[in-house]
Amino acid sequence: MNKLDKINRLLQKIKAKEGDSFTYNEETILAEYKHNDDNKSTTTIKILSVLGGILATLAFVGFLFLTRIFRSEVSMLVLGIVFVIAAIWVNKIYDKLIIDTASIALYIVGFLMIIFGIAEITDSKNFTVLVGLVIALVSLFSTQSYMLLFISVLALSGSLLSFIWLNEKPNAIHLYIVFQTLLLTIIFLNEAKIITFNKKFSRLYKPLRIGIMISFLVGLIATSKRGMIELSDNFFWISVIAISIGILYLIPKILGKLAIVETNSKIMIYVLILLLLGFSSGSPAILGGILIVLLSFYVNFRIGLVIGVASLIYFVSQYYYDLSFTLLTKSILLFGSGMLFIILYLFINKKLVTDDEV
């Protein structure tokens, strides 16, 4: 039995269970599934597609340098607009993975040419960044390509970070993190509503989710490594409180998913979580890594879980490396945090095993 037959049987079972009130468009569902299956690609292929797009972009930029087109701001701006429009148009006409490499190259080159052209024509750096933000926003709702959607999300976040950097307001990064925390939580917890809203939103969801996660991590990295940007310790509480609220909001949902209803068990988990938040209160990045892990676990997003765990390991290591304590004190703190993680994992795992046996 092939996958289409399995999908068809599943729909029939749901209809039999729900009764006549359950209606669906069988032909549209099967056609959409067949399209996704025909154009299915692994993460490795997507990465190779991006790398191919970058290499093609570099080669094309070299060609443009040889033609000396970058000496004319107007030519650069006009050609950039043509490239961006062409990239979006190509993906609308040809919805194939193999087209992504060429469209990525066109889009990246066009986007950069527009930005550089505007920057040369006007003295306003904020206006230049605003143009980039508008282009990314328009592209986000104009293309069907996974990679172009992903790049558009990153371009949006990059524009916001550029505003912060160009206006020399580094502590505004905490407002960026608050915004990304809220956006990431909403996106993860409303997956079903988003993908069933309409066909456009269903295709937008996956690149939007991973793009916002990467954008969130970029903001966290800026706060995790001392000296990367000049941040005042007086404003770290903004990010810490926002992410902690997100974690505490998520815990009851995870407990419900794990079917943990005993009061003593809940109290134990909340105590461990509060201790963990206390150990991590000096680093928004660590808390952000925990939030990504919990969100990915809750919605069973494996790639996000891997990214979250890897980032959490890095943020914890970086945080304790930068502390102005003795090696013994750092070791004790790191050991304590690690023990809390292990105890929490063993406790939840024990509950899961017990529930399975029952």
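Here the residue numbering is sequential within each chain, running from 1 through the sequence in written order. For this predicted model, a pLDDT threshold of at least 70 governs which residues receive local features, and a threshold of 80 or more governs which side-chain atom pairs are given and counted, while totals over whole chains, interfaces and linings are taken from all residues. Computation of side-chain values covers all heavy atoms of the structure but excludes hydrogens and water.

## Things to note about the environment of lysine 206
Link 1 in the chain: Secondary structure elements follow DSSP: runs of H or I no shorter than four residues count as helices, runs of E no shorter than two count as strands, and numbering proceeds from the N terminus. Relative to the helices and strands, lysine 206 is located in helix H10 (residues 199–224).
Link 2 in the chain: In this structure, the C-alpha to C-alpha distance between lysine 206 and phenylalanine 150, residues 56 residues apart in sequence, is 8.6 Å.

## Observations concerning the confidence of the model for the chain
Link 1 in the chain: Every residue gets a pLDDT, meaning the predictor's confidence in that residue, from 0 to 100. Across the chain, pLDDT averages 75, with 66% of residues at or above 70.
Link 2 in the chain: Averaged over each element, pLDDT in the chain is lowest for helix H2 (residues 26–38) (55) and highest for helix H8 (residues 173–189) (91).
Link 3 in the chain: Between two residues, a contact is recorded if the distance between any of their heavy atoms is within 4.5 Å. Contacts for the low-pLDDT stretch residues 352–358, under 50 throughout, to residues beyond four places or in other chains number 3 contacts.

## Brief notes about the packing of H8 against helix H13 (residues 284–299)
Link 1 in the chain: Between the N-to-C directions of two axes lies an angle of 0 to 180 degrees, each axis being a line fitted to C-alpha atoms and, for a helix, fitted only over the stretch in contact. The interhelical angle for the contact between H8 and H13, taken along N-to-C directions, is 10°, at an axis separation of 10 Å. On the basis of their axis angle, the class for H8 and H13 is roughly parallel. Where H8 crosses over H13, the two elements pack in a sense that is left-handed. Taken together, the residues of H13 that come into contact with H8 (itself represented by Thr181, Leu184, Thr185, Phe188 and Leu189) are Leu291, Ile292, Leu295, Ser296, Tyr298 and Val299.
Link 2 in the chain: Throughout, the ten residues Ala, Val, Leu, Ile, Met, Phe, Trp, Tyr, Cys and Pro are labelled nonpolar, Asp, Glu, Lys and Arg are labelled charged, and all others, Gly among them, are labelled polar. Class assignment for the residues of the contact of H8 with H13 results in 8 nonpolar, 3 polar and no charged. Here roughly perpendicular refers to angles of 65 to 115 degrees, roughly parallel to angles under 35, roughly antiparallel to angles over 145, and oblique to all remaining angles. Crossing handedness follows the turn of the near helix against the far one: under a right angle anticlockwise gives a left-handed crossing, and clockwise gives a right-handed one.

## Quick look at the nonpolar core
The nonpolar side chains of a soluble globular protein tend to be buried, and buried together.
Link 1 in the chain: Only buried Ala, Val, Leu, Ile, Met, Phe, Trp, Tyr and Cys residues count toward a nonpolar core, and they belong to the same one when joined by side-chain atoms within 4.5 Å. With a 1.4 Å probe rolled over the protein chains alone, any residue whose accessible area is under 20% of its type maximum counts as buried; one over 50% counts as exposed, and the rest are partly exposed. One finds Tyr107, Leu184, Phe216, Leu220, Ile243 and Ile247 to be the most contacted residues of the largest nonpolar core, which totals 71 residues.
Link 2 in the chain: Among the elements that make up this core, the one with the highest residue count is H10 (10 residues).
Link 3 in the chain: For leucine 220, the residues in contact, after removing those within four places along its chain, are Ile177, Ile243, Pro284, Ala285, Gly288, Gly289 and Phe315.

## A few points about helix H7 (residues 146–166)
Link 1 in the chain: Across its 21 residues, H7 extends 30 Å between first and last C-alpha, which sits within 8% of the 30 Å expected from 1.5 Å per residue.
Link 2 in the chain: Along H7, the residues classified as buried are Met147, Leu148, Leu149, Phe150, Ile151, Ser152, Val153, Ala155, Leu156, Ser157, Ser159 and Ile164.
Link 3 in the chain: With its phi angle positive at about 50°, glutamate 168 sits one or two positions after the end of H7. A helix is expected to span 1.5 Å for every residue after the first.

## Here's the deal with the side chain of arginine 209
Link 1 in the chain: Along the chain, arginine 209 falls in helix H10.
Link 2 in the chain: Among buried charged residues, arginine 209 stands out as having no salt bridge; its nearest opposite-charge side chain is glutamate 191, 4.1 Å away.
Link 3 in the chain: Sequence-distant contacts of arginine 209, that is, excluding residues within four places in its chain, are made with Leu184, Ile187, Phe188, Glu191 and Phe301. Charge assignment in this entry is limited to Lys and Arg as positive and Asp and Glu as negative, and neither His nor the chain termini are counted. Throughout this description, the term salt bridge denotes a Lys or Arg side-chain nitrogen within 4 Å of a carboxyl oxygen of Asp or Glu.

## Digging into the packing of helix H11 (residues 236–257) against H13
Link 1 in the chain: Two numbers describe how H11 lies on H13: the axes approach to 9 Å, and their chain directions differ by 25°. In terms of their interaxial angle, H11 and H13 are classed as roughly parallel. Considering only the axes of H11 and H13, their crossing is left-handed. The residues of H13 that touch H11, namely those facing Phe236, Ser239, Val240, Ile243, Ser244, Gly246, Ile247, Leu250, Ile251, Lys253, Ile254 and Lys257, are Pro284, Leu287, Gly288, Ile290, Leu291, Leu294, Leu295, Phe297, Tyr298 and Val299.
Link 2 in the chain: Here the residues of the contact of H11 with H13 are counted per class, giving 16 nonpolar, 4 polar and 2 charged.

## A closer look at the environment of serine 232
Link 1 in the chain: The residue serine 232 is located in the loop between H10 and H11 in this model.
Link 2 in the chain: Overall, the relative accessible area of 23% leaves serine 232 in the partly exposed class.
Link 3 in the chain: The spacing of serine 232 and asparagine 171 is 61 residues in sequence and 6.8 Å in space, taken between C-alpha atoms.

## Some remarks on a nonpolar patch on the surface
Link 1 in the chain: Think of a patch as exposed residues, more than 30% relative accessible area, with no salt bridge, where like charges cluster within 9 Å and nonpolar side chains (Val, Leu, Ile, Met, Phe, Trp, Tyr) cluster within 5 Å. Exposure was quantified through the Shrake-Rupley algorithm and a 1.4 Å probe, taking into account, for residues, occlusion by the shown protein chains and nothing else. Among the surface-exposed residues, Val74, Val78, Val82 and Ile121 lie close enough to one another that they form a single nonpolar patch of about 350 Å² accessible area.
Link 2 in the chain: For the nonpolar patch, the element with the most residues is helix H4 (residues 73–93), which contributes 3 residues.
Link 3 in the chain: Position of valine 74 among the secondary structure elements: in helix H4.
Link 4 in the chain: Valine 74 sits in the exposed class, given a relative accessible area of 54%.

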